[in-house]
Amino acid sequence: MNRRTPAATPLALLLALALLGAGCTGGVDGTPGAAGLRDPYFPGLGNGGYDVTHYSLKLDIGPSADDKHAPADDKRPADSPSSPSADDKHGPADRPADRLRGTATITARATQDLSAFHLDLAGLDVEGATVEGRPAAVNRAGKELTIRPGFAVEDRLRKGRTFTTVVRYSGSPQTITDPDGSKEGWLRTADGAVALGEPTGSMAWFPGNHHPSDKATYDIEVTVPDPLTAVSNGELISRRTEDGRTTYHWRTAEPMASYLATLAVGRFSTRQSATPDGIRLSTAVDPESEAASEEVLDGIPAVLAWSAEKFGPYPFTSAGAIVERTGDAEYALETQNRPVFPGPPDTALLVHELAHQWFGNSVTPKSWRDMWLNEGFATYAEWLWAADHDGVPVGESFDEAYEDGANWAFPPAEPPSAADISEAPVYGRGAMVVHRLRLAIDDDEAFFDLVRGWTETHRHKNASTDDFTAYVEEETGEDLTELWDDWLYGDSRPPVED
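This one's a predicted model, so the numbers in the text were calculated from it and none came from an experiment.

The next subject is the overall build of the chain. When helices and strands are counted, the chain shows 10 helices and 22 strands. When the 498 residues of the chain are sorted by exposure, 55% land in the buried category. A separation threshold of at least 6 residues defines the contact pool for the chain, and within that pool the share at least 24 residues apart is 70%. Of the roughly 21000 Å² that the chain leaves accessible, carbon and sulfur atoms contribute 50%.

Right, dumping it as structure tokens:
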């Protein structure tokens, strides 16, 4: 295409072309934000052009059969994107949390001049959207929503402007299958549902910028039929009951990556308390798991105090746990403030998931390539706890991991595919990297000062592997290239001294 302007274009024609251009873009200057952030393993995940600062979610949840909001002609085929997964073990008669109607109010700051932007949402039906209170056009392509504001030129989304988007949506949330075959998203349980988001599952229940690099604060209001309880992240602000339905308002005041957001709906025994140093504790336990969980959950204050000595002050104002009945979920997850457990946890698992509150939740990876920073440190926390409480030296845990061939399938900082980001090397070899660093420093006081400095420097921020290695070398004054090459990036098992 020839983009040169003719030498003698009449003024009237130039004005006409300008007006035509304004009409084609809806009167909005700028360019569309990117539909993905080019994550090494999930390139389409997340969106460019803006930074979310706050999510306010208002959700109404109930069974499909008697959901008063469900349209009478809702007859989606079984393979509809909004239908439950084919392998859902719970039939229609026992899905008390099968349908969701939501309003998401998303506050964000434009990082470029925006003519349109994207949100990630899987499966649910979008009924409409507004930007700054004005109707916006919504287009959908799979899991991508394109929002095009209907602004006049003088109200365009300039770089640096804070704006609010409201999306109204409903449907039957999806269960998502990860590349490694595990299930996430909206998991139906025997008495409700639990939402788990790592790495992509949160898009199953609310629209957003679902990449770990975009952290935000949250208000989540959930209305459920009695006698169900709704448990989420942060602190319980209010609870009100009307006409047999109860609304729970949870608030997360510290920044949180969306994959760490959770919502558990079901019959729970709940308890509110506080640690001696003022951290609010909230636990929700399925009655079938209550007796077997009591002793371990009573140990949360002690684990938090021990962890703070090792890793620095606890980075949040609340903590706790959500314990489902055995079989309702496949794995534990470090959801912010209160991890989710798929049945009664043992102490080692509790230590691991609470360590994630520092490593993963407060200091969050910039991309999914940096997962070893989460799992390596959380696994090392298990080794430290075993040394302090069970008489198992850290060196013995290291030796066991070193001899395990599964830990040498690939370098922890370079998983070969999205299916490998939660495999053994990320955990076991990641912990070995931490221990080799400790040995290289050869001074425990200096090592733990380094770790506490890391969690303080990047508190409530994102960090990458390069950030970590640069931080360590700057703080120690050492060139640790050989350590990184052998233990973090090497393809083969390096020798260790006898």
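So, next bit.
Taking 1.5 Å of rise per residue, the 12 residues of helix H9 (residues 465-476) would be expected to cover 16 Å, and the 17 Å separating its terminal C-alpha atoms lies within 8% of that figure. Listed as buried for H9 are Thr-465, Phe-468, Thr-469, Tyr-471 and Val-472. Around the axis of H9, the buried residues are gathered within 160° of arc, so they sit on the same side. Seen from the buried face of H9, the exposed residues on the opposite side, beyond 90 degrees, are Asp-466 and Glu-474. Note on H9: the residue one or two positions beyond its end, Gly-477, has a positive phi of about 70°.

Attention now goes to the sheet that holds strand S5 (residues 125-131). Strand order in the open sheet made by the 11 strands is S1-S4-S7-S6-S5-S8-S3-S2-S12-S15-S14, with mixed pairing throughout. Two strands lie at the open edges of the sheet, namely strand S1 (31-32) and strand S14 (235-242), each paired on one side alone. Bridge analysis of strand S3 (residues 99-110) against strand S8 (residues 162-171) gives 10 bridges, and the strand direction is antiparallel. Paired with Thr-107 across the strands is Thr-164, a residue of S8.

A few words now on the environment of Arg-140. Considering the arrangement of structural elements, one finds Arg-140 in strand S6 (residues 134-141). On the basis of relative accessibility, which here comes to 37%, the residue Arg-140 falls in the partly exposed class. Along the chain, Arg-140 and Leu-121 lie 19 residues apart, while their C-alpha atoms are 9.3 Å from each other. Residues within four places of Arg-140 in sequence aside, it is in contact with Leu-121, Ala-122, Gly-123, Leu-124, Asp-125, Val-126 and Leu-145. A distance of 2.3 Å separates a polar side-chain atom of Arg-140 from the backbone oxygen of Leu-124. At 3.2 Å, the side chain of Arg-140 forms a polar contact with the backbone oxygen of Gly-142.

This brings us to the pattern of salt bridges. Per the stated rule, a full pass over the model turns up 18 salt bridges. Here Glu-127 ties to Arg-101 by a salt bridge, and the two come within 3.0 Å at their closest N and O atoms. You can see Glu-127 sitting in strand S5 and its partner Arg-101 sitting in strand S3, a full 26 residues away along the chain. A salt bridge links Asp-113 to Arg-158; the shortest N-O distance between them is 2.9 Å. Pair noted here: Asp-113 is in the loop between S3 and strand S4 (114-120) and Arg-158 is in the loop between strand S7 (144-149) and S8, with a separation of 45 residues, a long-range link. Residue classification places Asp-113 among the partly exposed residues on the basis of a relative accessible area of 28%. Through salt bridges with shared partners, a single ionic network connects Asp-191, Asp-286, Glu-288, Arg-325 and Asp-328.

Taking strand neighbours across the sheet as the criterion, the four strands line up as S17-S18-S19-S20 in an open arrangement whose pairing is mixed. Lying at the two open borders of the sheet, with one neighbouring strand each, are strand S17 (269-274) and strand S20 (340-341). Sheet analysis places strand S18 (residues 280-285) next to strand S19 (residues 318-323), joined by six bridges and oriented parallel. Along S19, the bridge assignment pairs Thr-283 with Ala-321. Across the sheet, helix H3 (residues 300-311) lies against S18 and S19, angled at about 130° from S18, the strand it touches most.

Cut-offs used in this document
- Residues numbered from 1 in each chain as written.
- Predicted model: local features only at pLDDT ≥ 70, side-chain atom pairs only at ≥ 80, totals over all residues.
- Heavy atoms only, no water.
- Helix = DSSP H or I, 4+ residues; strand = E, 2+ residues; numbered from the N terminus.
- Buried < 20%, exposed > 50% of the residue type's maximum accessible area, 1.4 Å probe, protein only.
- Contact = heavy atoms within 4.5 Å.
- Areas by Shrake-Rupley, 256 points an atom, 1.4 Å probe, with all protein chains shown as cover.
- Expected span 1.5 Å × (residues − 1).
- Arc of directions from axis to C-beta.
- Pairing = 2+ DSSP bridges.
- Polar contact = N/O pair within 3.5 Å; in protein donor to acceptor, adjacent residues only side chain to side chain.
- Salt bridge = Lys/Arg side-chain N within 4 Å of Asp/Glu carboxyl O.
- Axes fitted to C-alpha atoms, helices over the stretch in contact; angles between N-to-C directions.

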